[in-house]
Amino acid sequence: MGKSSNEVWNCITLTKPVASTDVYKTMDWFWSKKGIRTVLTLYNPVSSTDPRDLEPSSELIQKAYQGRDEILYQDDVSFSTMDVNKFYCGSMICITSDGYYTPCSVIRTTEFGSYKSMNLKDLLNKNPGDILMMRLRDPQNLPEPCVNCDQKEVCFGCRSSAFYYSGDMFGCDPKCSKCQPNL
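My aim in this report is to walk through the structure given alongside it, one point at a time. (Residues numbered from 1 in each chain as written. Predicted model: local features only at pLDDT ≥ 70, side-chain atom pairs only at ≥ 80, totals over all residues. Heavy atoms only, no water.)

1. Regarding the overall build of the protein chain
Then step 1. The secondary structure content of the protein chain amounts to 8 helices and 4 strands.
Then step 2. From first element to last, N terminus to C terminus, the protein chain shows the α and β order β-α-α-β-α-α-β-β-α-α-α-α.
Then step 3. Dimensions of the protein chain, computed from C-alpha atoms along their principal axes, come out at roughly 45 × 45 × 35 Å.
Then step 4. Residues counted as buried form 44% of the 183 residues belonging to the protein chain.
Then step 5. If you take every contact in the protein chain between residues at least 6 apart in sequence, the share linking residues at least 24 apart comes to 57%.
Then step 6. Charge centroids of the protein chain, computed over 20 positive and 22 negative side chains, lie 4 Å from each other. (Helix = DSSP H or I, 4+ residues; strand = E, 2+ residues; numbered from the N terminus. Buried < 20%, exposed > 50% of the residue type's maximum accessible area, 1.4 Å probe, protein only. Contact = heavy atoms within 4.5 Å. Lys, Arg positive; Asp, Glu negative; His and termini not counted. Charge placed at Lys NZ, Arg CZ, Asp CG, Glu CD.)

Dropping the structure here:
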């Protein structure tokens, strides 16, 4: 369709059923047969009504991301539960389907306001630091144990996992294998 394989990504939402079965084979097939990399997006229950039985365990998460690294990156830097670095995540602003600005396509919050009541220029003038995760770009501002992580120059963990599990989008990513979460 006009795109080369290095311009296409396979995206898998990592749920417990997927992580327990064929995620490794799927990533391997897309890479070895089609030259297409896979992005693993963690399933995060965002409300009390979301099914918790879809949530993969820390062990399944770690195994899936290690498999991704073995297939796709070998000796390259791994971002643990991230597929992009902090400079990508800290440089986007999303608008949810109900019109609210958010720093991540997965985070649902109203704290940054709506495009209906504030244009993007006004949002950036009012609050550029939080919506663009500016404070976390400086490794010394990372939460414990991230401040001591060997990947702190390029990674700040998944902000949506931090948001949904601790209520603090600037907190530690509890799904990161380097944090060793106790969920």
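2. Digging into the pairing of strand β1 (residues 9-14)
Then step 1. Only one face of β1 is covered, namely the one carrying Asn10, Ile12 and Leu14; the face carrying Trp9, Cys11 and Thr13 has none of its residues buried.
Then step 2. For β1 and strand β2 (residues 37-42), the ladder comprises 6 bridges, and the chain directions are parallel. Residue Ile12 lies in a different strand from β2, and its bridge partner there is Leu40. (Pairing = 2+ DSSP bridges.)

3. A closer look at helix α8 (residues 159-166)
Because the α-helix completes a turn every 3.6 residues, residues three or four places apart line up on one side.
Then step 1. Judged by how many residues are buried, α8 sits mostly within the fold: 6 of 8 residues are covered.
Then step 2. Within α8, burial applies to Arg159, Ser160, Ser161, Ala162, Phe163 and Tyr164.
Then step 3. Next to the buried residues of α8 lie β2 and α7 (134-137).
Then step 4. Remark: Gly167 follows α8 within two positions and exhibits a positive phi of approximately 80°.

4. So, the pattern of salt bridges
Then step 1. Within the structure shown, the criterion is met by 4 salt bridges.
Then step 2. One salt bridge in this structure joins Glu55 and Lys175, with 2.9 Å as the shortest N-O distance. With Glu55 in the loop between β2 and α3 (58-73) and Lys175 in the segment after α8, this residue pair connects regions lying 120 residues apart in the sequence.
Then step 3. On the basis of relative accessible area, Glu55 is assigned to the buried category, the value being 16%.
Then step 4. Residue class for Lys175 comes out buried when judged on its relative accessible area of 3%.
Then step 5. A single salt-bridge network, built from bridges that share partners, covers Arg52, Glu55 and Lys175. (Salt bridge = Lys/Arg side-chain N within 4 Å of Asp/Glu carboxyl O.)

5. Focus: unusual backbone geometry
Then step 1. The omega torsion across Glu144 and Pro145 is -5°, close enough to zero to call that bond cis.
Then step 2. Positioned with a positive phi, Met133 is a non-glycine residue whose angle comes to about 55°.
Then step 3. Considering the arrangement of structural elements, one finds Met133 in the loop between α6 (128-131) and α7.

6. Quick notes on the side chain of Ser161
Then step 1. In this fold, Ser161 is placed in helix α8.
Then step 2. When its relative accessible area of 0% is taken as the criterion, Ser161 is described as buried.
Then step 3. Not counting residues up to four positions away in its chain, the partners in contact with Ser161 are Leu42, Asn44, Ser166, Asp173, Pro174 and Lys175.

7. Notes on the environment of Met118
Then step 1. By the secondary structure assignment, Met118 is in the loop between β4 (101-102) and α5 (120-126).
Then step 2. Between the alpha carbons of Met118 and Ser58 there is a distance of 39 Å; along the sequence they are 60 residues apart.
Then step 3. Setting aside chain neighbours within four positions, we find Met118 in contact with Tyr101, Phe112, Gly113, Leu123 and Lys126.

8. Here's the deal with the packing of aromatic side chains
Geometry of an aromatic ring pair is reported as the spacing of the ring centres plus the angle between the planes.
Then step 1. By the definition in use, this model includes 2 aromatic pairs.
Then step 2. Ring centres of Phe163 and Tyr164 lie 5.0 Å apart, and the angle between their planes is 75°; on these two criteria the pair is classed as edge-to-face. Tyr164 carries the same exposure label as Phe163, and that label is buried.
Then step 3. Note that Arg135 overlies the ring of Phe170, its terminal NZ or CZ placed 3.6 Å from the centroid. (Phe/Tyr/Trp six-rings, centres within 6.5 Å; stacked < 30°, edge-to-face > 60°. Lys NZ or Arg CZ within 6 Å of the ring centre and 35° of its normal.)

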